[in-house]
Amino acid sequence: MSETPQVERSTEAAPAVDELTPPDRTLMGPGPSDVHPRVLRAMSTPLVGHLDPSFIEIMDEVQDLLRYTFRTDNQWTIPVSGTGSASMEAAIGNLVEPGDTMLVPTNGYFGGRMRSMAERAGGEVVTVDAPWGEPLDPVDVEHAFDEHQPDVFGFVHAETSTGVLQPNVPELTDIAHAHDAYVIADSVTSFGGVELRVDEWDIDVAYSGPQKCISCPPGASPLTLNDRAMDKVLDREEPPKSWYLDLSLLEGYWGDERSYHHTAPITNVYALREALRLVAEEGIEARWERHNEVAGELKAGLQDLGLEMNAADEYWLPSLNAVRVPDGVDDAAVIDHLLAEYDIEIASGLGDLAGDIWRIGCMGHSARPKNVEYVLAALEDALAAQGYEA
Ligand SMILES: *Cc1c(COP(=O)(O)O)cnc(C)c1O
């Protein structure tokens, strides 16, 4: 019989915890991405109150910058307190009413999360299918509409789990609107990095997260709704299940009134403002082009190493490069090697693609030629350590 070691535990002595010194990583995974020094500086500026006149002005500026980046004139454009999943749940939990039917995709991890949220909101869920690694086909979406007549259609513009960019967005929104449905676009990994035009493409609701293509720490997440969608939200017969994310209440704070609902995450709003200022300085279209070019170099370099992209060229997602793990190579060992030897973070596959792909992000401040060169050289070394010859 072995003896259980006795650990001395006391609540009286203060825990001896060292000063915070996180490792200096290069973040090339599915998010967070490297934060721009200007954003970090903005986060160390003093707090003001969330109802301070100076903060009210900051809120207006953030809303304008969000509209610019979403390419929308929507009045209802706000940062939701929380990560991307909070803006996602605000979108789905407010728009989907009990008894509504929501159509969701099955071609990636985040369509599954849409399903869970719609079910919790009391919705019936129906699906439109495509394999993981392929986009939705508008023909299948049309069939799903004819068969199920959904009230709300959700799709993932940039599927971070598969590296697939959904093309033909205006075609999808046309189908939905011809059936009087509302469209929710998950633009978490496209916002600020890949062409996204909320108004021109007739998207009713779009949500995002700050820690992907705009390289801002997680904590305040972009959301926009057009008037048509907001009318549905304000006409609900019963309030949404979440008090915290109830947009009819948040309207009091982010709308004209500016009255207390909950304390805004002030520091995260500062950070978002600075990250979006960087977007505006660069110019949104130039920023899309940079992602395309820099990620294009990454993709070419990966192919030079003899690796194969998971998504076909027509729907390759610049901000998230899903690469197939070659036969005989241990995917986790390569990820560990990059982290231990080079301080580089990349990620493994999720769900149907677990063990089959690596996910290499190229987002925001991480989307720089020097990062691409670095990750390619490190990857070549990690593969060689596994006996793989480029
Ligand atoms: C990251 C991500 C989310 C969730 O965002 P969190 O900030 O992790 O809550 C949702 N959808 C997509 C496509 C994502 O990549």
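Keep in mind that what you see is a predicted model, and the values were worked out from it rather than measured. Here the residue numbers are simple positions, counted from 1 along each chain's written sequence. Only residues with pLDDT of at least 70 are given local features in this predicted model, and only at 80 or more are side-chain atom pairs given and counted; all residues enter the totals for whole chains, interfaces and linings. Based on all heavy atoms of the structure, the side-chain values leave hydrogens and waters out of the count.

(A) Summary view of the packing of aromatic side chains. Pairs were defined over the aromatic rings of Phe, Tyr and Trp, the Trp ring being its six-membered one, requiring ring centres within 6.5 Å. Orientation was assigned from the angle between planes: stacked under 30 degrees, edge-to-face over 60, tilted for the rest. Counted by the stated rule, this structure contains seven aromatic pairs. With a centroid separation of 5.0 Å and an interplanar angle of 80°, the aromatic rings of Y109 and F110 are classed as edge-to-face. Buried residues are those whose accessible area, probed at 1.4 Å on protein chains only, stays under 20% of the maximum for their type, while exposed residues exceed 50% and partly exposed ones sit between those limits. Judged by relative accessible area, which is 33%, Y109 ranks as partly exposed. Taking the relative accessible area as the measure of exposure, F110 reaches 15% and is therefore buried. A centroid spacing of 5.9 Å and a plane angle of 25° characterise the contact between F153 and F155, whose relative ring orientation is stacked.

(B) Quick peek at the domain arrangement of the chain. Domain start and end points were adopted from an automatic or database domain assignment. Domain assignment breaks the chain into domain 1 (26-32 + 283-384) and domain 2 (37-281). Each side of the interface is counted separately: domain 1 has 28 residues, and domain 2 has 34 residues. Each of two parts loses accessible area, computed with a 1.4 Å probe, when they are put together; buried area is these two losses added. Counting each side, the surface lost to burial between domain 1 and domain 2 is near 2,400 Å², with a carbon and sulfur contribution of 63%. The largest per-residue losses of area from domain 1 upon contact with domain 2 belong to I284, W288 and Y315, which jointly make up 28% of the total buried on that side. The salt bridge partner of R197 is E285, with a shortest N-O separation of 3.0 Å. In protein, a polar contact means a hydrogen-donor-capable atom and an acceptor-capable atom, both N or O and within 3.5 Å, with residues adjacent in sequence counting only if both atoms are side-chain atoms; elsewhere, any N or O pair within 3.5 Å suffices. The tally of links between domain 1 and domain 2 comes to 13 residue pairs in polar contact (both at pLDDT 80 or more). The numbering of helices and of strands both runs from the N terminus, where a helix is a DSSP run of H or I of at least 4 residues and a strand a run of E of at least 2. Secondary-structure elements contributing two or more residues to the side of domain 1 that touches domain 2 are α10 (284-304), β11 (320-324) and β14 (357-361). Broken down by element, the side of domain 1 that touches domain 2 gets its largest block of residues, five residues, from α10. Residues are grouped as follows: nonpolar covers Ala, Val, Leu, Ile, Met, Phe, Trp, Tyr, Cys and Pro; charged covers Asp, Glu, Lys and Arg; every other residue, Gly included, is treated as polar. Class assignment of the residues belonging to the side of domain 1 that touches domain 2 gives a composition of 15 nonpolar, nine polar and four charged. By the convention used here, residues are in contact when the closest approach between their heavy atoms is within 4.5 Å. Criterion for a salt bridge: a side-chain nitrogen of Lys or Arg within 4 Å of a carboxyl oxygen of Asp or Glu.

(C) Focus on the site of the ligand. We call a residue near a molecule or strand whenever a single non-hydrogen atom of that residue lies within 4 Å of it. T83, G84, S85, F110, R113, A158, T160, D186, V188, T189, Q211 and K212 make up every residue found near the ligand. Within the side chain of Q211, an N or O atom sits 2.7 Å from an oxygen atom of the ligand. All accessible areas in this document rest on Shrake-Rupley with a 1.4 Å probe, and a residue is counted as covered only by the protein chains that are shown. Expressed as a share of its isolated accessible area of 380 Å², the protein-covered part of the ligand is 89%. Listing elements by their share of the shell around the ligand, those giving two or more residues are α3 (84-95) and α4 (109-120). The class makeup of the residues in the shell around the ligand is three nonpolar, six polar and three charged.

(D) Molecular detail of the pattern of salt bridges. For the structure shown, the criterion picks out 17 salt bridges. Linking E97 and K232 is a salt bridge whose minimum nitrogen-to-oxygen distance equals 2.8 Å. On the criterion of sequence distance, the pair formed by E97 in the loop between α3 and β3 (101-105) and K232 in helix α7 (residues 227-234) is long-range, its members being 135 residues apart. Each member of the pair E97 and K232 is classed as buried. One network of salt bridges, with partners in common, ties together R38, E274, R277 and E281.

(E) Main features of the sheet that holds strand β9 (residues 205-207). Only strands joined by at least two bridges in the DSSP assignment are considered to pair. With mixed pairing, the seven strands of this open sheet are ordered in space as β2-β10-β9-β8-β5-β3-β4. Edge strands, defined here as strands with exactly one partner in the open sheet, are β2 (76-82) and β4 (124-128). Taking the axes of each pair of neighbouring strands and ignoring which way they run, one obtains an average angle of 20° across the sheet. Of the pairings in the sheet, the one linking strand β5 (residues 152-156) to strand β8 (residues 182-186) comprises five bridges and is parallel in character. Paired with F153 across the two strands is V183, which belongs to β8. Against the sheet, α7 makes contact with β2, β5, β8, β9 and β10 (219-225), and its axis sits at roughly 100° relative to β10, the strand it touches most. Interaxial angles span 0 to 180 degrees and are taken between N-to-C directions of axes, which are lines fitted to C-alpha atoms, for helices over the stretch in contact.

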